[in-house]
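# A closer look at the structure
Take a look at the letters that make up each chain.
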Amino acid sequence: MTKEIQAYKQIMKERGITQVMLSQQTGIPIRTLNDIFRGKTTNPRIETIKAIEKVLEIETCTRQSDWLNLADFEKLPNSEKIQIANFFNFAVMTFT
């Protein structure tokens, strides 16, 4: 989770989003966010992560059931394929 939290921090910095603002927009208590961002909470609930990612306008594959196989990917409209490709480019650049 550490790499993801670092990515969230970077995105927040780039967009000028504070933890207080994130708390207000997600409904997550500021103390909970502080614990997550300081590493005190190492395994936050999936609902918490999804709320953070919704505000930050990012998505990660959080459950194996969310993953696409190649056959499913091929059926997607080009606009969705581009979004997925952009996400993976972001993830590679962020997490490597």
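Residues numbered from 1 in each chain as written. Predicted model: local features only at pLDDT ≥ 70, side-chain atom pairs only at ≥ 80, totals over all residues. Heavy atoms only, no water.

Helix and strand counts for the chain come out as six helices and zero strands. Helices and strands in the chain line up, N terminus first, as α-α-α-α-α-α. Among the 96 residues that make up the chain, the fraction classed as buried is 26%. Within the chain, residue pairs in contact and separated by at least 24 positions form 51% of the contacts whose partners lie at least 6 positions apart. By element, 53% of the accessible surface of the chain is carried by carbon and sulfur atoms, the whole surface being about 7,000 Å². (Helix = DSSP H or I, 4+ residues; strand = E, 2+ residues; numbered from the N terminus. Buried < 20%, exposed > 50% of the residue type's maximum accessible area, 1.4 Å probe, protein only. Contact = heavy atoms within 4.5 Å. Areas by Shrake-Rupley, 256 points an atom, 1.4 Å probe, with all protein chains shown as cover.)

The next point concerns the nonpolar core. Of all hydrophobic cores here, the largest spans 15 residues; its most connected members are Tyr8, Met12, Leu22, Leu33, Phe37, Ile52 and Leu56. In contact with Leu33, other than residues within four places in its own chain, are Gln19, Leu22, Ser23, Ile28 and Ile52. (Core = buried A, V, L, I, M, F, W, Y, C linked by side-chain atoms within 4.5 Å.)

The complete set of buried residues in helix H2 (residues 19–26) reads Leu22, Ser23 and Thr26. Taken around the axis of H2, the buried residues stretch over an arc of 100 degrees, which confines them to a single face. Where H2 is buried, its residues meet helix H1 (2–15), helix H3 (30–38) and helix H4 (46–56). Just downstream of H2, Gly27 is the residue with a positive phi angle, here 80 degrees. (Arc of directions from axis to C-beta.)

Turning to the environment of Lys50, a few remarks are in order. Of note, Lys50 is situated in helix H4. Residue classification places Lys50 among the partly exposed residues on the basis of a relative accessible area of 36%.

In this section: unusual backbone geometry. Of note, Glu57 is a non-glycine position whose phi angle comes to about 60 degrees, a positive value. Position of Glu57 relative to the elements: it lies in the loop between H4 and helix H5 (70–75). A relative accessible area of 67% means that Glu57 is categorised as exposed.

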